[in-house]
Amino acid sequence: MALIPTFLFGPLLLISWGLLLGFHQTRLFAASFLALILLRVVFGLVAGSKAQTFGKERLEYTVDGGEEDDGSSASNALRPNTRSASKAPKMKPTIFFIHGWPDNSSVWDAQVSHFSKDYRCVRINLPHFSSSSRHPAMGYSFDSLVTLLASTLAHSLSGRPESPEGGGAGALLMVHDWGSWYGMQLQRRYPQLVRKMVVLDVAWVGYKPVPISKAAGMLVAMGVAYQYYAIFTWYVSITVPFVGPHLGGWMMLPFVSSFSQLPRTSYPDRETPINAMMNYPYFYLHLSMFLEGVGLVRGFDDRHGIAGKPPIYGSAETLPVLFIYGADKGFKFHSEKFEALLRERKNGEVKAVGVRGEGGKVKKPAGHWIQDSCSDEINEWSREFFEKSHGADE
């Protein structure tokens, strides 16, 4: 079967914009977009091996269910959330939460409410995903943001029994959507920081060619109608003088509000307004695929010395991982290959919510935001997983 390499999606999607909007109207956008790409290449889009080292920069975080620590010593950081943190003994195990797009830390409210009685819950807002963000307009490349998250996690564990510096086994990690991608790469680069993982609905298995029979639909559904529109609104936000952020945010409103209209989807309420500045992960995704695909830069794994290692690994390749996904949606954000990988592992588990029973009915919506729509199941299964003995990795 003929295949289209994934890294060609960027140019093909740009051509799609031309067909839809007219090449004449698209020239300025295309020229500016390519100039922006060149700028990022010249100034080092992809960090080399130096990105492996923790720096002083980190995100601020909030703690619920443990000792108060707002991370105020962090530089160039997000403002802490204002939710109160209950006082509790210092020895509680730490759960580190990473949200996805287009969410913020409030997407974990149901989990924090459940776990904070027995666990120390640490939450961050990804850069530009909160109205209080103070970060570069260009956002962060994958290399930089993974390092930033790892530095934040290490800081949140400092002085605690879980800290690798004191011989501890690391934190419990709970991730969703883009947070799943960032969290899995964090664990691959810094396995000493993560003891167990709960991955929700999105799982990364690497880039791979796409059959031509599926390419057309993906170009429309995942490209022009989704990811490249998100990139375009982000581009408007960072380039249009004075009103760019407001204009980009306005362009995002009908796009994101449509999520609640999707069948079998329950989209959680947000504490802060939607903005287009948060769309930079899609820019770096397509840019990285293109640059790596044509050989201009080394792949992520090669840059960080993890080439040849599986998507998730740990001591003896048995890091305990629980993957939960919503089965009641139009398509999956993971592959059968990933499910098989986990099921074959000693400490891998796969569960699904929204599985249809008799008459093709489900008890409740179980689309993408399962930590909100199916919080009872997610909390119960995650607690059982956290408290389960997994042998050598404990």
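Residues numbered from 1 in each chain as written. Predicted model: local features only at pLDDT ≥ 70, side-chain atom pairs only at ≥ 80, totals over all residues. Heavy atoms only, no water.

Quick notes on the nonpolar core
The nonpolar side chains of a soluble globular protein tend to be buried, and buried together.
Part 1 of the argument: Of all hydrophobic cores here, the largest spans 88 residues; its most connected members are Trp101, Leu149, Tyr182 and Met197.
Part 2 of the argument: Here this core takes nine residues from helix α4 (residues 142–157), the largest share from any one element.
Part 3 of the argument: Contact partners of Met197, with chain neighbours within four places excluded, come to Leu173, Val175, Gly183, Met184, Gln187, Leu319, Pro320, Val321, Leu322 and Phe385. (Core = buried A, V, L, I, M, F, W, Y, C linked by side-chain atoms within 4.5 Å. Buried < 20%, exposed > 50% of the residue type's maximum accessible area, 1.4 Å probe, protein only. Helix = DSSP H or I, 4+ residues; strand = E, 2+ residues; numbered from the N terminus. Contact = heavy atoms within 4.5 Å.)

Focus: helix α8 (residues 280–293)
Part 1 of the argument: Between its first and last C-alpha atoms α8 spans 20 Å; for 14 residues at 1.5 Å apiece the expected length is 20 Å, and the two agree.
Part 2 of the argument: With twelve of its 14 residues buried, α8 lies for the most part within the structure.
Part 3 of the argument: Taken as a whole, α8 has its buried residues at Tyr280, Pro281, Tyr282, Phe283, Tyr284, Leu285, His286, Leu287, Ser288, Met289, Leu291 and Glu292.
Part 4 of the argument: Gly295 lies just past α8 and shows a positive phi near 85°. (Expected span 1.5 Å × (residues − 1).)

Digging into the pairing of strand β3 (residues 94–98)
Part 1 of the argument: Burial runs high along β3: five of the five residues are buried.
Part 2 of the argument: Residues Thr94, Phe96 and Ile98 of β3 are buried on one face, and the alternating residues Ile95 and Phe97, pointing to the opposite face, are buried as well.
Part 3 of the argument: Pairing geometry for β3 and strand β4 (residues 120–124), over four bridges, is parallel. Note that in β4 the partner of Phe96 across the bridge is Val122.
Part 4 of the argument: Tracing the backbone out of β3, into helix α3 (residues 109–115) and back to the parallel element β4 gives a crossover that is right-handed.
Part 5 of the argument: Both β3 and strand β5 (residues 171–176) contribute to a ladder of four bridges, which runs parallel. Along β5, the bridge assignment pairs Ile95 with Leu172. (Pairing = 2+ DSSP bridges. Right-handed = clockwise from strand over helix to strand, strands pointing away.)

Quick word on the pairing of strand β2 (residues 61–64)
Part 1 of the argument: Across the two faces of β2 the burial is the same, with Tyr61 and Val63 and Thr62 and Asp64 all buried.
Part 2 of the argument: Direction of pairing for β2 relative to β4: antiparallel, over a ladder of four bridges. Bridge pairing links Thr62 to Arg123 in β4.

Comments concerning the sheet that holds β5
Part 1 of the argument: Ordered by their spatial adjacency, seven strands build an open sheet running β2-β4-β3-β5-β6-β8-β9, and the pairing between neighbours is mixed. Bordering the open sheet on either side are β2 and β9 (348–353), each of which pairs with just one other strand. Averaged over neighbouring strand pairs, the angle between their axes works out to 20° when direction is ignored.
Part 2 of the argument: Contacting β2, β3, β4, β5 and β6 (194–200), α4 crosses the sheet at an angle of about 155° to β3.
Part 3 of the argument: Across the face of the sheet, helix α10 (residues 336–344) comes into contact with β8 (321–326) and β9 while running at roughly 130° to β9. (Axes fitted to C-alpha atoms, helices over the stretch in contact; angles between N-to-C directions.)

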